[in-house]
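A look at the structure
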Amino acid sequence: MLHVVLVEPEIPQNCGNIARTCAATGCTLHLIRPLGFDISEKAVKRAGLDYWHLVDVRDYENLTDFFRRNDVRRMWCLSTKAPRSYTQAAFQDGDYLFFGKETRGLPEDFLESHRDTCVRIPMRSEARSLNLSNAVAVTVFEALRQLDFPHLQDFGKMYHP
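Residues numbered from 1 in each chain as written. Predicted model: local features only at pLDDT ≥ 70, side-chain atom pairs only at ≥ 80, totals over all residues. Heavy atoms only, no water.

**Some remarks on the overall build of the protein**
What counts, and what does not: Secondary structure is summarised from DSSP: a helix means a run of H or I of at least four residues, a strand means a run of E of at least two, and numbering begins at the N terminus for each. Here the globule rule reads 2.2 Å times residues to the power 0.38, and the radius of gyration is calculated from C-alpha atoms.
Looking only at helices and strands, the protein has six helices and six strands in total. Starting at the N terminus and walking to the C terminus, you meet the elements of the protein as β-α-β-α-β-α-β-β-α-β-α-α. In summary, the protein has a C-alpha radius of gyration of 16 Å against a globular reference of 15 Å for 161 residues, a match within 12%. Each principal axis of the C-alpha distribution contributes one length, and for the protein these read about 50 × 40 × 35 Å.

Structure (structure tokens):
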């Protein structure tokens, strides 16, 4: 199982798309406050997120609270400023994948203290970054590909017995 960690996400639609990716893949979704939206049961129902019950969502006051409550042994920090590509990471079961807020990414001091775990998604220099939900999907599916898609339905076998 992989862990997707969103540090201070701001846009509810991105979180909804990321939650859907987590629902489809079995990843745990960790949300680090402050959030730019409401995740109460009432708000989730109003938004029509009919897959929310399929997601293991965990909520934290801040990064200190997150690390106090989780035994993080392996992590990857996604940043446009990282020195190497996410395809160079050797993902393992149980890894935590950290993504920052849409407007600023992960905090600079956090990136600096975890420099050896920072990876980026290659893109044109003229483009600032990918949409957060797209970046999560790209990274999660690369990690799952490396792990041979554990616990996910093999569509090839489904259509070609």
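From this point on, the discussion continues.
**Here's the deal with the nonpolar core**
Across soluble globular proteins, nonpolar side chains have a tendency to be buried as a group. The condition that has to hold: Nonpolar core, defined: a set of buried Ala, Val, Leu, Ile, Met, Phe, Trp, Tyr and Cys residues in which side-chain atoms within 4.5 Å join the residues together. Relative accessibility under 20% of the residue-type maximum defines a buried residue, over 50% an exposed one, and the middle range a partly exposed one, all with a 1.4 Å probe and only protein chains included. The contact criterion used is simple: two residues touch if any of their non-hydrogen atoms lie within 4.5 Å.
Core analysis: the largest hydrophobic core is formed by 32 residues, its most contacted members being Val4, Leu6, Ile18, Leu29, Phe99 and Val136. Secondary-structure elements contributing two or more residues to this core are β1 (3–7), α1 (12–25), β2 (28–32), β4 (75–78), β5 (96–99) and α5 (132–146). Ranked by residues supplied to this core, first place goes to α5 with six residues. With residues up to four places along the chain from it excluded, the contact list for Phe99 reads Val4, Val5, Leu6, Val7, Leu78, Leu106, Leu132, Ala135, Val136 and Thr139.

**A word on a nonpolar patch on the surface**
Short version of the rule: The residues that make up patches have over 30% relative accessible area and no salt bridge, and they are joined within 9 Å when like-charged or within 5 Å when they are Val, Leu, Ile, Met, Phe, Trp or Tyr. Per-residue and other accessible areas were derived by the Shrake-Rupley procedure at a 1.4 Å probe size, with only the shown protein chains allowed to occlude residues. We define a salt bridge as a contact between a side-chain nitrogen of Lys or Arg and a carboxyl oxygen of Asp or Glu at a distance within 4 Å.
On the surface, a nonpolar cluster with roughly 200 Å² of combined accessible area is contributed by Met123, Leu130 and Val138. For Val138, the position within the fold is in helix α5.

**Notes on the layout of surface pockets**
Selection rule: The pocket and cavity definitions rest on a 1 Å grid over protein atoms only: a 1.4 Å probe that fits but cannot leave marks a cavity, an open set with protein on both sides within 12 Å along at least five of seven lines marks a pocket, and residues lining either have an atom within 4 Å of a point. Grid points are joined across faces, edges and corners, and a volume is the space filled by probe spheres set on the points.
Put simply, the largest pocket is a space of about 490 Å³. Along the walls of the largest pocket sit 24 residues, with Thr80, Lys101, Gly105, Ser129 and Leu130 positioned nearest its centre.

**What about the pairing of β4?**
Our working definition: Between any two strands, pairing holds if DSSP finds at least two bridges.
Along β4, one buried face is formed by Met75 and Cys77 and the opposite face, lined by Trp76 and Leu78, is buried too. Looking at chain direction, β4 and β5 are connected through three bridges and run parallel. Looking at β5, one finds that Trp76 is bridged to Leu97. For β4 and strand β6 (residues 118–119), the ladder comprises two bridges, and the chain directions are parallel. Pairing of Cys77 across the sheet is with Cys118, part of β6.

**Examining α5**
Residue pairs three or four apart in sequence face the same way in an α-helix, which turns once every 3.6 residues. Applied cut-off: To estimate how far a helix should extend, the number of its residues minus one is multiplied by 1.5 Å.
Here α5 contains 15 residues, and its C-alpha end-to-end distance of 21 Å stays within 8% of the 21 Å for a straight helix at 1.5 Å per residue. Those residues of α5 hidden inside the fold are in contact with β1, α1, β4 and β5. Asp148, located one to two residues past α5, shows a positive phi value of around 65°.

**Considering the pattern of salt bridges**
Taken as a whole and judged by the stated rule, the model has eleven salt bridges. Taking the shortest distance from any N to any O, the salt bridge between Glu126 and Arg124 comes out at 3.3 Å. The residue Glu142 makes a salt bridge to Arg145 at a minimum N-O spacing of 2.8 Å. Taken together, the residues Glu142 and Arg145, both in helix α5 and three residues apart, mark about one turn of the helix. For Arg145, a relative accessible area of 47% puts it in the partly exposed group. Members of the salt-bridge network, linked through shared partners, are Asp65, Arg68 and Arg69.

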